[in-house]
Structures are given as C-alpha cells and as structure tokens.
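Architecture and fold: a report
Given next are the chains, with one letter for each unit.
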Amino acid sequence: MSFQLWFFCGFVLALVGESQPNISAAEWQGYQKSEFLVGRRLAFLIEPKEPATGKPWIWRTEFFGHEPQTDLELLKRGFHVAYIDLQNLYGAPVAMEPMDALYAEVTKTYGLAPRVVLEGFSRGGLFALNWAAKNPEKIACIYNDAPVCDFKSWPAGKGTGVGSPADWERLKGVYGFKNDAEAEAYRLNPVDNLAPLAAAKIPLLHVCGETDDVVPLAENSTLVAQRYKELGGAITLIVKPHCNHHPHSLKDPTRIVNFVLSHTGFVDQVKSAPTPYGADYYKLRGGLENARQKFLRDKVGRVAFLGGSITAAPGWRDQVCADLKRRFPETQFDFINAGISSLGSTPGAFRFRRDVLANGPVDLLFEEAAVNDDTNEFSDVEQVRGMEGIVRQAKIANPHMDIVLLHFVDPGKIQQYNQGKTPSVITNHEKVAERYLLPSIDLAKEVTERIHAGEMTWERDFRDLHPSPFGHELYARSVGRLFDAAWNAEAAKSIQPRQPELSAPLDPFSYFRGQLVSPQIALGSGDLKLKSGWSVIENWQPTDGAGTREGFVKVPTLVAVEPGADLTFEFTGTAVGVFVASGPDTGNLDYRIDQGAWQTQELFTKWSSGLHLPWAKMLASELSEGRHRLDLKNSATMDQRSKGHAIRIVYLLVN
C-alpha cells in the first residue's frame, strides 16, 4: 500500500471511530505484514520468519520503507518491525498518546519485548527522542538517522539550515504555540530534554551527513552528542563525509545492526563491519565471471599484476595470490609480477607486450597506475591514452581476459577527497573502466574514509606512498570483497553483460598499438641511423652509484653524452617517443617530426638526482597513419640541477 493510500485510509477511518478491526494482512519485502488501527491511526507490524528469543522489535517512527536495509537485516535476525502513521505531528505532545497506544498494542497483543529499539529518520528523530524521554524504561536503544533534534533548526530554519516555512507553521499549530517566541522558549525540545535518557543509560547511535544543510549537524546531532556526554550518556556518532541530508542510512547496515544487537542481548551475533560507512569501494560492472569459469573448467590460470612499486613489492599482491589459491584449490596458477617502481599507464601500455603478454595468455589482470600517473604529472589526455592502451591491448590479445583497475592512495588524493572532490586521475581511469565494463576498486577513497572514521592514521598505518604491512592487508581485503561480490550469485546480479566485440576506443590515439623498439632491432632493420656521437652499450649500468629500475638496467642502451649528437629514426604509426634512463647527468633532447620545427624535450626529473628513472616521454602522439621520420639531437641545454648532457635511450616508443 502506498504512503498516500495509508494517509487517506487513516483520515477516513479516523472519521469512523476507534474500534476498527484489523484492516488487512499483507506482505512487505516477503514478510508477513499485519495492518491495524491504533486509536484512529493506521499502524502495522512486520513479522520475521522466525522470531528471535524474547521477540525483540524496532520501531520506525517516520518514513517507513525508505532505505530499509537495517530493518530488513533485523527481520532476517528475528526482529519485528513496527510503524504508526503520525504524519505532520512532528513529535508533539499530541503524538505521544497514539505512540503509547501502539506500544501497548504490540507488547500485549503480539507479546513483543518490553524494551523497544527506536529508529528515527529525519523528523522522525523528534518522535523517537521525545517518546523516549517520556518512557525511558521502555527503551533498549535508539538509532537516529540525520535526525531533527531541535525544531528551531528544522523546520524553523533559525540556524544555518534551509528550513521549511510550511512545516514550521504546521508544527507551531500541533504544539499549540501562538508565535515564534513561544516556540523558541519551549524547553522540552530533544536537545533540551536529554537528562531522562542519560539517567536511564539509553545508548544512542546517530548516523548523519557531514554537509547536511537541511538538518545541520552542528545544530542537531553534534549538539546532542556534546550534551549527552556531559550528562554521562553513551552516544556513537557516525558522520558520512561529504554527504548531505540524503542518502540516509549506510549502504551496508552492519554497523547499525551491530549497535542494535549489542544492546538487545544478541552480542554473539555481532560481526565486523567491512567498511566504515557501509560503502562499496568497488564497482563490479562486467564482473569476473570469465576468469572464474576458466579457473574451474581448465584447472589452470594465469594472473598478471601490472603496476608500480606498490605492486612490485611483496604485500597485497602475494596476499591476493594466496586468496585465489584458497578459493580455487584445484587450480594450478601462474602468477606474473609485472610491477616496476615509478611507472604509470603510458609506460605500462608500451611495455605490456614485453612484461605481460610475452608470458602467454592471461586470464585475470590487475592494473594500478593512479599514483604514478598523478605524481609523474601525466596529463589527463595521457592518463586516458595510457590506461586505454593497456586495457585495449589486453582485450585484443584475449577478449575473455578479466581486468581489475585499482586506484591506490597518496596524500594528494586524501586531500582532494577531504575537499569533496574526486581526483582527476581516478576520474580518467574510471572513464576507461566504464567503457570496457571493468571492475575497479577505489582504495584511495576507502583509506581516506577509514582515516575520517578514526579507524587508522596515515602516519601510523601507511607511513608514505608505500603502505605498511597493515596497508597492504587493507588493499588485499578490499580485493577479497570484490571477489566475494563478483563470485556471489546474489551480489553479481548487478553485473552488466559485456559486448562480444570491442567498441570504438575512447581516444583513437590511445596507445593500444604501443611497442617497445630496442635500439639493436631498429639498427638491424635500418630504421635507426646514428649520425654522430651515439653508441650502443650492450649491458649498460651506471657507475655513479645512483639507483636503477629492473628492466631498465643491464640492457642494450643507446647513449650520447655530448651536445650535438644526432640520429634519425623512421617508423610507421601515430605516435613516437623515447624511454630513457633519466639520471643525475641527464640533459635535454631536441627533436623534430617529418622535418618540421625543432622542439626541446626536458628529461631531467625531480627524482633524477639519485635515480636513473625509467622515463617515458611521448614526442608526438597525434600523427597521421603512415610512415614518419624522427630527428633527434642531444641538446645544448640542460636542467640546472643536472650534472651533464647525457641521453640514455633504453627503448624507442612507437604506437
């Protein structure tokens, strides 16, 4: 029955009288629903399949059915759920009598527990807190959600909130106030009448939006928390970051349900909440069904991990490997660690064949580049082209490959999320995930919200960009929750079917045809011509003590150390660049395409003083299809921090 119909029925039946029989027996969300009159008001009771010991119950005081996840979970656990229609009474004294009557009806007729859990959504907070102050001995605990705790805040709008003039006029009428001054002098508003609850030691839980401009936090729940604690009361305040008045509740109600269970004698049923605000930090999109079926059917699977230092190091990757072996104990896995420190998506697109596909067909790929794409200052365009280059290459190589994009955390992302902004690199990578229906996990948002919730600190639990063991475990648990959802029949209903063929690329210049071209191969084919000052060092490694990265040391490298050294490289494709080892003595590169104007590319980085950093720089990215010529010269210019003019080209890049 719709709310409008309930309200109409209540109005008509109120005219008929009080001694009405049960209206009907119906269903709600698969549970038996008994509808009846209490006095002149429509009420109902939702019955669990199997009542829990002692017949516990929760009473929604307003907006029944809105964000019902807590009610549904408690029904599963044997709680009854009650409601009475008290629309537009705003918790006024005239509402207390029908509330008393409902309590008497369900405790006597249905034998429900003498102590109830009150659940006040929005203006329902006025009902819950006012009735509890009148009847503290009947309350087990109170869960309020973005509750009105002071009618001067809402609907009066006397503080910072938007208010509701129409509701304010109605409220003054049902309370019997002659004017605003009389209303403002009222001393039984919930914020002013907490002592009876505190004296009875009634536990409170308030779930609120941090940026609520309808029922402002500071004027309502924060004020209640401050005063309640001063009175010796116990209150838990869950503040959802960057959340307005809506959405109410928590998507995963575990923390709310745990609160109720803890204060109704069911502590043994309390389980750990997976996330602080009940949010899913993963998106399933097309899911991971291809990988699951391959693992089960063929009993073999190849899983690759492509990313930077957080992937290369022991930690979350090893734990995910162990998780997969536990979930598929009969499957023989081949795990590929393709993580190389400091490298993001553009380098990843060009090294994808060498480091991932060269090992054979891949069934499941984990890709992370949000940290390095951001800190290495790749443009928005590059971030899309690089990530799509990886994904599209993977799909071309194996259309059935499942791919998971991971967005790891760094201080800049925490700062942006704390400002209510989504980091642009995550937005860019998510564009690719959306286009190709890839699952993704926003670990940056999860870590930020866990810090916000007081579960952890950056300094203690992460230390820096590279997570502590605690941080690696947190990442692995998040991947595990993605597995649970993707491979759970009920949760996987949200999975979107993938198209059998690839759609057009987001960007036609994405690096999905990216190749690493070694100097030796280019020289052998005649495409690379060294004019003067260049030489190939077969097994290059530094002699200055600066660090290196695996795969970019002890390999053939094209080297020039003096300005003026020049070469030409002819290639077929739409983009060309260089993969250099940018170290303490790295200089600049002058270049031109197809004998156009000369340009200069700086190669020294903020890390080069102590590291021969693998640095992928695209020199041209939007060329026409066909044959092109690149002229390179060792520039006479250099970064003022550099000790020389050295250029060390480990690979030429061609798309």
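Residues numbered from 1 in each chain as written. Predicted model: local features only at pLDDT ≥ 70, side-chain atom pairs only at ≥ 80, totals over all residues. Heavy atoms only, no water.

Now for the packing of helix H12 (residues 316-327) against helix H20 (residues 469-486). With their axes 8 Å apart at the nearest point, H12 and H20 run at an angle of 35° to one another. The handedness of the crossing between H12 and H20 is right-handed. Within the contact between the two elements, H12 uses Trp316, Gln319, Val320, Asp323, Leu324 and Arg327 and H20 uses His472, Glu473, Tyr475, Ala476, Val479, Gly480, Phe483 and Asp484. (Axes fitted to C-alpha atoms, helices over the stretch in contact; angles between N-to-C directions. Helix = DSSP H or I, 4+ residues; strand = E, 2+ residues; numbered from the N terminus. Left-handed = near helix turned anticlockwise from the far one by under 90°. Contact = heavy atoms within 4.5 Å.)

The next subject is unusual backbone geometry. The bulk of non-glycine residues show a negative phi, and the bulk of peptide bonds are trans. At the junction of Trp154 and Pro155, the peptide bond is cis and its omega measures out at 10° in the coordinates. Mapping Pro155 onto the fold places it in the loop between strand S7 (139-145) and helix H5 (165-175). The peptide bond linking His246 to Pro247 adopts the cis configuration, its omega dihedral lying at 0°. Structurally, Pro247 is set in the loop between strand S9 (235-240) and helix H9 (254-262).

Before going further, it helps to examine the confidence of the model for the chain. For the chain, the average pLDDT comes to 94, and 96% of its residues sit at 70 or higher. Across residues 1-21 the pLDDT falls below 50, and counting only partners more than four positions away or on other chains, this stretch makes 24 contacts in the model. (pLDDT = per-residue confidence, 0-100.)

On to helix H18 (residues 443-452), then. Counting buried positions over the 10 residues of H18 gives 7, a clear majority of the element. Among all positions of H18, only Leu443, Ala444, Glu446, Val447, Thr448, Glu449 and Arg450 are buried. Looking at the buried residues of H18, the elements they touch are strand S14 (402-407), helix H16 (411-418), helix H17 (424-435), strand S15 (440-442) and H20. One side-chain oxygen of the residue at the start of H18 lies 3.3 Å from the amide nitrogen of Ala444, identifying that residue as Asp442. (Buried < 20%, exposed > 50% of the residue type's maximum accessible area, 1.4 Å probe, protein only. Polar contact = N/O pair within 3.5 Å; in protein donor to acceptor, adjacent residues only side chain to side chain.)

Within the structure shown, the criterion is met by 47 salt bridges. For Glu73, the salt bridge is made with Arg77, and the minimal N-O distance between the two is 3.1 Å. Between Arg648 and Asp585 there is a salt bridge, with its nearest N and O atoms 2.9 Å apart. Highlighted residues: Arg648 in strand S26 (residues 647-654) and Asp585 in the loop between strand S21 (576-582) and strand S22 (588-593), separated in sequence by 63 residues. (Salt bridge = Lys/Arg side-chain N within 4 Å of Asp/Glu carboxyl O.)

Topologically, Gln69 is positioned in helix H2 (residues 69-76). With near-sequence residues (within four places) excluded, Gln69 lies in contact with Ser249, Leu250, Lys251 and Pro253.

All right, on to the pairing of S9 then. As paired elements, strand S8 (residues 204-209) and S9 share 6 bridges and run parallel to each other. Bridged to Gly209 within S9 is Lys240. For the crossover from S8 across helix H8 (residues 221-230) to S9, the handedness is right-handed. (Pairing = 2+ DSSP bridges. Right-handed = clockwise from strand over helix to strand, strands pointing away.)

So, on to the layout of surface pockets. In this model, the largest pocket occupies a volume close to 1,200 Å³. Lining of the largest pocket is provided by 33 residues; of these, Lys251, Asp252, Asp280, Tyr282 and Ala491 occupy positions nearest its centre. Counting residues per element, the ones that place at least two in the lining of the largest pocket are H2, H9 and H20. Considered as a void within the structure, the second largest pocket measures approximately 730 Å³ in volume. Considering the residues around the second largest pocket, the lining is formed by 31 residues, among which Ala279, Asp280, Tyr281, Lys445 and Glu449 are closest to the centre. For the lining of the second largest pocket, the elements supplying multiple residues, two or more each, are strand S10 (282-283), H16, H17, S15 and H18. The residue makeup of the lining of the second largest pocket, split by class, is 11 nonpolar, 11 polar and 9 charged. (1 Å grid on protein atoms, 1.4 Å probe; cavity = no way out; pocket = protein on both sides within 12 Å on 5 of 7 lines; lining within 4 Å. Points joined across faces, edges and corners; volume = space filled by probe spheres on them. Nonpolar A, V, L, I, M, F, W, Y, C, P; charged D, E, K, R; others polar.)

Okay, the nonpolar core next. By size, the foremost hydrophobic cluster in this structure holds 42 residues, and its most contacted members are Trp316, Val320, Leu324, Leu364, Phe366, Leu406 and Tyr475. Of all the elements, H20 adds the most residues to this core, at 8 residues. Among residues more than four places away in sequence, those in contact with Leu406 are Trp316, Phe366, Glu367, Glu368, Ala369, Ile441, Leu443 and Val479. Ala43, Met99, Trp131 and Tyr228 belong to the second largest nonpolar core, which has 41 residues in total. (Core = buried A, V, L, I, M, F, W, Y, C linked by side-chain atoms within 4.5 Å.)

For the rest of this paragraph, the subject is the pairing of strand S11 (residues 300-307). Taken across its 8 residues, S11 has 6 buried, putting it largely inside the fold. Where S11 lies against strand S12 (residues 332-339), 8 bridges are found, and the strand directions are parallel. Paired with Gly307 across the bridge in S12 is Gly339. Of the strand pairs in this sheet, S11 and strand S13 (residues 364-368) are connected by 4 bridges, and their pairing is parallel. Paired with Leu306 across the two strands is Glu367, which belongs to S13.

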